[in-house]
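# Structural characterization, general
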Amino acid sequence: YLRWARRSLLWLLLREFAGNIAGFMPLGAFALWQRPHSGIKGAFLTGAGLSALIEAAQYVFGVGRMSTGDVVLNGLGAALGGFAMQQLLCDRKEQA
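All of the points below concern the structure found in this document. Values in this document were obtained by computation on a predicted structure and should not be read as measured data. For every chain, the first residue of its written sequence is number 1, and the numbers climb from 1 along that sequence. The predicted nature of this model means local features are confined to residues of pLDDT at least 70 and side-chain atom pairs, given and counted, to a pLDDT of 80 or more, with totals for whole chains, interfaces and linings taken over all residues. Derived side-chain values reflect all non-hydrogen atoms in the structure, with water molecules and hydrogen atoms excluded from consideration.

## A closer look at the overall build of the chain
This is how the line gets drawn: The helix count covers DSSP runs of H or I at least four residues long, the strand count covers runs of E at least two residues long, and both are numbered beginning at the N terminus. This radius of gyration counts C-alpha atoms alone. The globule rule is 2.2 Å times how many residues there are, raised to the power 0.38. Only protein chains enter the accessibility calculation, which uses a 1.4 Å probe. A residue is then buried if its area is under 20% of the maximum for its type, exposed if over 50%, and partly exposed in between.
When helices and strands are tallied, the chain shows 4 helices and 0 strands. Secondary structure elements in the chain, listed N-terminal to C-terminal, are α-α-α-α. Over its C-alpha trace the chain gives a radius of gyration of 16 Å, far above what one expects of a compact globule, namely 12 Å for 96 residues. Principal axes of the C-alpha set define a box for the chain whose edges measure 50 × 40 × 15 Å. For the chain, the residues scored as buried account for 28% of the 96 residues in total.

Printed below as a string of structure tokens:
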């Protein structure tokens, strides 16, 4: 059963979603830490912009597969990382 589950479409989609989102969360946290005034929108744009550059490079050099879904998911991951950093920074201000 586990062999089938690992190969199933659901498993592949879940791995794709989790990988794209989790992979860009640190970037969003770092972006918000460096420029707190940019907010979560800035973190999203940073993640989506970097992802778009990566996707364009894949297209130009013919490596990997280009996907606009990756750009959106990576941007979402960066926004979630930015949100987490924003909460952390707010907690630190309240404790000081």
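## Concerning the side chain of Asn 74
Operational definition: Should any heavy atoms of two residues lie within 4.5 Å, those residues are considered in contact.
Secondary-structure assignment places Asn 74 in helix α4 (residues 68–95). Setting aside chain neighbours within four positions, we find Asn 74 in contact with Asn 20, Phe 24, Gly 47 and Ser 51.

## Things to note about helix α2 (residues 9–34)
How we decide: The span one expects for a helix is its residue count, reduced by one, times 1.5 Å. Note on bend: at a given residue it equals the angle between the axes fitted to the 7 residues ending there and to the 7 starting there.
Over its 26 residues, α2 runs 38 Å from end to end, which matches the ideal 38 Å to within 8%, given 1.5 Å per residue. Remark: the principal bend of α2, roughly 30°, maps to Met 25, with a proline, Pro 26, within the next four residues. All of the buried residues in α2 are Asn 20, Ile 21, Phe 24, Gly 28, Ala 29, Ala 31 and Leu 32. Against the buried residues of α2 lie α3 (39–61) and α4.

## Concerning the pattern of salt bridges
Proximity of charged atoms lets side chains of opposite charge pair with each other. Going by this rule: For this document, the term salt bridge refers to a Lys or Arg side-chain nitrogen within 4 Å of an Asp or Glu carboxyl oxygen.
Per the stated rule, a full pass over the model turns up 1 salt bridge. Glu 16 is the partner of Arg 65 in a salt bridge, and the nearest nitrogen-oxygen pair spans 3.0 Å. Here Arg 65 is found in the loop between α3 and α4, whereas its partner Glu 16 is found in helix α2, with 49 residues between them in sequence. For Arg 65, a relative accessible area of 48% gives the class partly exposed. Judged by relative accessible area, Glu 16 falls into the partly exposed class, the value being 27%.

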